[in-house]
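# Report on the structure
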Amino acid sequence: MLGEILKRLFSKESERRRERREDVSLGTVTVDGRTFPVRNWSSTGFLAAPYAGDYKEGDSVDIRFEVQVPGRSINFACKAILIRVDLKAQELAGVFTMMDRESRILVARHFE
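In this text, all values refer to a predicted model and were calculated from it rather than measured experimentally. (Residues numbered from 1 in each chain as written. Predicted model: local features only at pLDDT ≥ 70, side-chain atom pairs only at ≥ 80, totals over all residues. Heavy atoms only, no water.)

### With respect to the overall build of the protein chain
Heads up, the condition is: In this description a helix means any DSSP run of H or I spanning at least four residues, a strand means any run of E spanning at least two, and both kinds are numbered starting from the N terminus. Note on exposure labels: buried denotes an accessible area under 20% of the residue type's maximum, exposed denotes more than 50%, and partly exposed covers the range between, all computed with a 1.4 Å probe on protein chains only. Contact criterion: two residues are considered in contact whenever any of their non-hydrogen atoms come within 4.5 Å of each other. Here the accessible surface of atoms and residues is derived via Shrake-Rupley with a 1.4 Å probe, and residues count as covered only by protein chains that are part of the display.
Check the secondary structure of the protein chain and you find 2 helices and 7 strands. N-terminal to C-terminal, the α/β element order of the protein chain is α-β-β-β-β-β-β-β-α. Looking at the protein chain residue by residue over its 112 residues, the buried ones come to 41%. Sequence separation of 24 or more characterises 49% of the internal contacts of the protein chain that already satisfy a separation of 6 or more. As displayed, the protein chain offers around 6,800 Å² of accessible surface, 51% of which is attributable to carbon and sulfur atoms.

### So, helix 2 (residues 101–110)
Selection rule: When we speak of the arc, we mean the arc of directions from the helix axis to the C-beta atoms. As used in this structure description, the phrase polar contact means that two N or O atoms lie within 3.5 Å; if the pair is within protein, one of them must be able to donate a hydrogen and the other to accept it, and residues adjacent in sequence are counted only when both atoms belong to side chains.
Listed in full, the buried residues belonging to helix 2 are Ser 103, Val 107 and His 110. Relative to the axis of helix 2, the buried residues are bounded by an arc of 60° and lie together on one face. Exposed positions of helix 2 whose direction lies more than 90 degrees from the buried face are Arg 101, Glu 102 and Arg 109. Looking at the buried residues of helix 2, the elements they touch are strand 1 (22–23), strand 3 (34–41), strand 5 (60–69) and strand 6 (72–86). N-capping of helix 2 is provided by Asp 100, with a side-chain oxygen placed 3.2 Å from the backbone N of Glu 102.

### Observations regarding the pairing of strand 3
Note the cut-off: At least two DSSP bridges between two strands are required for those strands to pair.
Here strand 1 runs beside strand 3; their pairing, made up of 2 bridges, is antiparallel. Bridge pairing in strand 3 links Glu 22 to Trp 41. In terms of strand pairing, strand 2 (residues 27–31) meets strand 3 through 4 bridges, oriented antiparallel. Note on strand 3: the bridge partner recorded for Thr 28 is Pro 37. Taking the residues that link successive antiparallel strands as the turn, the strand 2-strand 3 hairpin has 2 residues, and the phi of Asp 32 there is positive, at about 50°. Relative to strand 4 (residues 45–48), strand 3 runs antiparallel, the two being bridged by 3 bridges. What sits directly across from Trp 41, in strand 4, is Phe 46.

Structural data, given as C-alpha cells:
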C-alpha cells in the first residue's frame, strides 16, 4: 500500500516533481554498506545508478549520502524511503527522512 502511494506521488507518469534536481558528477549513496553512484539529487531525495540489489519500493533504509559541489562536499547520514527500485533501468531512488537538523539546514541552504 505504501509503495502504491509513493509510486503515485513520484512516478514518471505523473511528473509531480516540484523540487529542483541537480545532476551529480561525483557523489555516492551508501545503503546498508553497499555504495552506488548518485546520478542526481534534490533537497528531498536522490537517484542512484547503476544499481543492482534486493530492495523493494517502500523499504526504509539507513544511508550515507555524499556529493561534491563547487568548493565543498555535502555529506550526511539519514534514513531514506525507497520510492523507485528499477532493476531493468538499474536505478534506485529514495526520499530523505529522519535527517538531523544540521544536515537538513545544509541541504536547504545549498538549494536556495
